[in-house]
Amino acid sequence: MLELELRRLELSDLDAIERIERASYPTPWSRSMFASELAKPSSLSFGAVDETGTLVGYLVLSRYVDAWHVMNVAVAPEKRRQGIASALLHRLLELTEDDALRGYTLEVRTSNLGAIRLYERFGFTRKGVRRGYYTDNREDALIMWRDADSPDGDPREKMVDAS
């Protein structure tokens, strides 16, 4: 089982974030978008660092009036399917558990069945579709929602938390 340190992202992580982002998405976020999210008081951004000290995944979350919006989740291609995204989602729920009035929302490509299954394991349900949401190919986005009081997801991941 992969051991991870989960910690807040810093500006010094931008090179590694960009590398993962470009390898993960056809229309990656820009460096300035990440820098803006890292600086925003209503944003919570954290990453997964492996035993070699390498950033291998991250999650960016923004707080809105009635919901936490999962803005971006990515894992380095060579590290996928090792529980990193699950560990990040577990950490998201831990860090926001005292904010019981908010739920969680996200958009995901309708073709990204692996991500949809992962989110469903964490209590997200399908709530709608944003037609033509993705600019690269006009693919629809599935809108998913998780109530604040939903049970936590997949407990199989082992991690070391040093935040």
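Residues numbered from 1 in each chain as written. Predicted model: local features only at pLDDT ≥ 70, side-chain atom pairs only at ≥ 80, totals over all residues. Heavy atoms only, no water.

## Examining the nonpolar core
Soluble globular proteins: nonpolar side chains tend toward being buried together. If you look at the biggest cluster of nonpolar residues, it comprises 31 residues, and the most contacted ones within it are Leu 4, Leu 59, Ile 84, Leu 92, Val 108, Tyr 119 and Met 144. Elements with a contribution of two residues or more to this core: strand 2 (43–49), strand 3 (55–63), strand 4 (67–75), helix 3 (84–96), strand 5 (103–109), helix 4 (113–121) and strand 7 (141–146). Among the elements that make up this core, the one with the highest residue count is helix 3 (seven residues). In terms of nonpolar packing, the next biggest core, distinct from the first, is built from 13 residues, Ile 17, Ile 20, Trp 29 and Val 49 among them. (Core = buried A, V, L, I, M, F, W, Y, C linked by side-chain atoms within 4.5 Å. Buried < 20%, exposed > 50% of the residue type's maximum accessible area, 1.4 Å probe, protein only. Helix = DSSP H or I, 4+ residues; strand = E, 2+ residues; numbered from the N terminus.)

## Observations concerning the packing of aromatic side chains
With the rule as written, the count across this model stands at four aromatic pairs. Measuring from ring centre to ring centre gives 5.8 Å for Tyr 119 and Phe 124, while their planes differ by 65°; the resulting arrangement is edge-to-face. Both residues of the pair, Tyr 119 and Phe 124, count as buried. Relative to Tyr 134, the ring of Tyr 133 lies with its centre 5.0 Å away and its plane at 85°, an arrangement referred to as edge-to-face. Assessed through its relative accessible area of 15%, Tyr 134 is described here as buried. Of the aromatic side chains, those joined through ring pairs into one cluster are Trp 29, Phe 34 and Tyr 58. (Phe/Tyr/Trp six-rings, centres within 6.5 Å; stacked < 30°, edge-to-face > 60°.)

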